[in-house]
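Residue-level listing of the chains:
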Amino acid sequence: MKKLILITLFITSSLAAQKNTWKADELYANFHFKEAAKRYEKAINNSKNINTDVIENLANSYFNIADYKNAYSWYEKLYTLKNKQIKESTFIKYLQSTRSSRDYKKANLLIKEYYADDYNRIEAITIQKSNLDSLKESDSLYNIRNVAINTSKSDFAPMFYKDHLIFSSARDTAVAKDNLYAWNEQPYLDLYIAERNKGNGELKNPEKFGINTQTKFHDATLTFGKNGKFVYFSRNYSSNKKLKTDKEGTSNFEIVRGYINGDIITNIESLDFNNVEYSCGHPAISPDGNYLYFVSNMPGGYGESDIYMAEIYEDGKTNTPINLGPTINTAGREMFPFITDSILYFSSDAHYGLGGLDIFKSTIKSKDNYEIPLNMGPGLNSNMDDISFIYNPEDLSGYFASNRSMGKGDDDIYYFKKNLPLQHQLFSGHVYDEKTKEPIPSTSIKIRDIIVDTIIQEITTNEEGYYQAKLPFKREHQLVFSKPEYTSKTILAKTTNNPQKELKDNDVYLTSLKSLTIKEGNQLKIDVDPIYFELNKSDITPQAEIALEKVLYVMKEFPSINIMIESHTDSRGYDEYNLKLSNSRAENTKRYLIANGIAANRIEGARGFGETKLKNKCSNGVSCSEEEHSLNRRSNFIIVEGE
C-alpha cells in the first residue's frame, strides 16, 4: 500500500528496549513489521515487567501492516498504562485503529478526552464531524467500481495521461525473492501505464512506463507539469544500484524532475529542496502549472508528514517550499495532494474521518489560506486507508486507491463517477385540528418515495403546527401525517418544474379521537347518531348504515381501539321480547362491522339490554312522546381499549 513510499519515516519509540527484544528491535528498525510483531508479543508474554516502549513498538508494528484490530488492542493497553499521557502522533494511530475497528463511539469519546483543553482543535473536529454526519444520512454522490487491472499486490497513485492512466504498482512478479521491499514483502514499486476507456473508466493492457528511468528500488507517484513538458515523480535515494541512507540508516525519498517524450523520460534531476536526511514525495501540480504540492517530513513540520507547496519556474525548477499550515497539516499524516478547481484534495489520518487514511477536500482561498478540510464521505472513504484521489471536473469522474475489504489485493485502484447533485423543492404547510382549527404540534410526517416505495425521511411539525419538507425534484411522494389520539392522513406531493419555488400552504386537517367520542360517567363511547331499526325488526336499515359509517371510521383510523356493543330498546312491548330484540340488534350490528373489515377480536361483546337501562321516565305505562321514547332506543359503542 502507500506505506511503500510513505513519506513519514518510521522512528522507533526506543531502540534501547529490553535486551530480550533486541531481535524484534532490529526487525522493527528495518521495517520487517510483521515478524517484529511476533517477536514483541513473545517477549511480552515471557516478561514479568511490562515495558511501555515495547508495547508501543508492537502496536506500531501492527498499525504499519494495517492490522488495525491488533493495533487497537495494544494502543489501548499503552494508553491505560501511561495514564492517557501519550504523544499526539501515537494517539492519532490509536484513534485511527479504533475507527478502523468500527468502534466509532469509543473514538468520539477519546477525542473529547484527549483534546479537552484544545478549543481550536475541538472546534475544527466539530465542524468536520457535522459535515460527515450529514453525508452519512444522504445517498452517496459517487458510483464506485474496482477496475479490472488490479492485482494481489499494491496498485495505487493513479494519474491522468492523455487517453491513458499512469499508476504505481508492485506487480512485477519477475523480481527475485531476496530483492523484495521489507515492509510488505512485495516487489519495489514501478510506474505503469494502462489504456483508459473514457466512457466507463475501465483500464486495460498495463505495461511499464518510463522504463529507461526504472531503478532497482521505488519509482512511483508521478505527475505532469504544465502542458506535459515536465514530469515529476518519487524515488528512493540510490547510487550505483545501492540505496543511499541518512545518518540513521534509513533510505528516504526524493522528488525528481525529467522531460517527457512519449514513454521516455530524459534529463532526470533531483529538485533543489530534496535532502537525504528526510523524505519528499507524492508530487502534484496545480491546474495552472505554477505550483508544485508535495509531502515531506522535513524538520519544522506539524506532524509525521505534511503537505508543502513550492512555486515552479519556467525551466521546471522550484522555489523554497512553504508548509500549508495547521489548517491542513496535523500531528498525523497528510498525504497524496491533488489540486483542481481551487480545491485541494488529500488524504489524512488525523482530521475527523471513518478510519485509517481518509480523503478530504479544502477550498484554497490563497496560497497560504485554506478552509477547514471536510471529509468526502462514505463511499470514497471507508474504515481502512483511502488515498491518491484524482478528479476530472469536466466529466465528473476520477480514481482513487484503497485497501478496503472485498478488494483484489493490498491497495486497489477504484474508478468513480460523480452523480449530478439531486435538486430539491420545498413543500410546506400547517397541520390543524379539524374541529377546533388549532395547530397540532409534534405531528409525525413520513415521506415516502412512490417510485422505490421507501420512506426517505421523517419530520415533525413545530409548535405552530408548521412543517417544511425537502423533496427530491421531479419525483412523486406520499406524505403521511399522524399523531397519537388523532386520525392519520396521506397526501400526494408533486414537485413542479421550478425547484427554486417553494410549494406553500399545503395544509392538512386531522381529527382528534376526543372529538369523535363522548364521556358518560366512567364510559368513553363513540359519539354516533341513534341506530334506527324498523319496528319489531333487527335488520340493519340504510339509515342505520349511515350512523355505523362513523363507527367504522373511528375503528379503522384507530386500530388499537376495541369496543363493546350495547343495544337498548324503549319500554313499549313486552320486557322479554324487548330483551330478545335488543340482543338480536346488537349481534346484527356486530356482524355488519365484521363484514365491513373490522376484526372480530376487536369487538369484545355484543349485548342487548332491552328496556332495562332507560335514560328517562318513559317506563311501562308512562305516557311519552315519540321523541322521548327515541332517547331510549339506542346503541352504544363503548371503548374498552384505547391507544
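All values derive from a computational prediction rather than experimental measurement. (Residues numbered from 1 in each chain as written. Predicted model: local features only at pLDDT ≥ 70, side-chain atom pairs only at ≥ 80, totals over all residues. Heavy atoms only, no water.)

Asks: Any chance you could explain the pattern of salt bridges here in plain terms?
Replies: When their charged atoms lie close together, side chains carrying opposite charge are able to pair. For the coordinates displayed, the defined rule picks out 20 salt bridges. Between E304 and K93 there is a salt bridge; the shortest N-O distance is 2.4 Å. On the criterion of sequence distance, the pair formed by E304 in the loop between strand 13 (291-296) and strand 14 (306-311) and K93 in helix 5 (residues 88-100) is long-range, its members being 211 residues apart. E304 sits in the buried class, given a relative accessible area of 18%. In this structure, a network of salt bridges that share partners links the residues E520, K525 and K615. (Salt bridge = Lys/Arg side-chain N within 4 Å of Asp/Glu carboxyl O. Helix = DSSP H or I, 4+ residues; strand = E, 2+ residues; numbered from the N terminus. Buried < 20%, exposed > 50% of the residue type's maximum accessible area, 1.4 Å probe, protein only.)

Asks: How should I be thinking about the nonpolar core in this particular structure?
Replies: Within soluble globular proteins, side chains that are nonpolar tend to cluster in buried spots. Grouped together as the largest cluster of nonpolar side chains are 39 residues, with contacts concentrated most on Y40, L58, W74, Y75, F91 and Y94. For this core, the elements supplying multiple residues, two or more each, are helix 1 (22-29), helix 2 (33-45), helix 3 (52-64), helix 4 (68-81), helix 5, helix 6 (104-114) and helix 7 (119-137). In terms of residue count, the dominant contributor to this core is helix 4 (seven residues). Ignoring anything within four residues of it in the chain, the contact list for W74 reads E41, I44, I55, L58, A59 and Y62. With 37 residues, the next largest nonpolar core counts M159, F160, I265 and Y414 among its residues. (Core = buried A, V, L, I, M, F, W, Y, C linked by side-chain atoms within 4.5 Å. Contact = heavy atoms within 4.5 Å.)

Asks: Hey, could you run me through the packing of aromatic side chains in this one?
Replies: Aromatic rings in a pair are described by how distant their centres are and how their planes are angled relative to each other. Taken as a whole and assessed by the stated rule, the structure comprises 32 aromatic pairs. On the numbers, 6.1 Å between centres and 25° between planes, the contact of F346 with F360 is stacked. Separated by 14 residues along the polypeptide, F346 in strand 17 (residues 343-348) and F360 in strand 18 (residues 358-366) bring together distant segments of the chain. An identical accessibility class is assigned to F346 and F360; each is buried. Cluster of aromatic residues (ring-pair linked, three or more members): Y142, Y345, F389, Y391, F400, Y414 and F416. Looking at R121, its charged tip hangs above the ring of Y115, at a distance of 5.2 Å from the centre. Above the plane of the ring of Y192 lies R171, whose end atom (NZ or CZ) is 5.5 Å from the centre. (Phe/Tyr/Trp six-rings, centres within 6.5 Å; stacked < 30°, edge-to-face > 60°. Lys NZ or Arg CZ within 6 Å of the ring centre and 35° of its normal.)

Asks: Would you take a moment to explain the confidence of the model for the chain for this structure?
Replies: The predicted coordinates of low-pLDDT regions are not to be read in fine detail. The pLDDT averaged across the chain works out to 87; a share of 93% of its residues lies at or above 70. In this model residues 1-18 is a low-confidence stretch, pLDDT under 50, and it forms 84 contacts with partners more than four residues away in sequence or in other chains. (pLDDT = per-residue confidence, 0-100.)

Asks: Even after reading the chapter, I still don't get the sheet that holds strand 27 (residues 466-472), so can you show me in this structure?
Replies: Adjacent strands of a sheet form backbone hydrogen bonds with each other and so pair up, either parallel or antiparallel. Strand order in the open sheet made by the three strands is 27-24-30, with mixed pairing throughout. The strands lining the two open edges of the sheet, one partner per strand, are strand 27 and strand 30 (508-510). Mean inter-strand twist for the sheet, computed between neighbouring axes without regard to direction, equals 30°. Here seven bridges tie strand 24 (residues 424-433) to strand 27, and the two strands are oriented antiparallel to one another. Each bridged residue has a counterpart across the sheet, and for F427 the counterpart in strand 27 is A469. (Pairing = 2+ DSSP bridges. Axes fitted to C-alpha atoms, helices over the stretch in contact; angles between N-to-C directions.)

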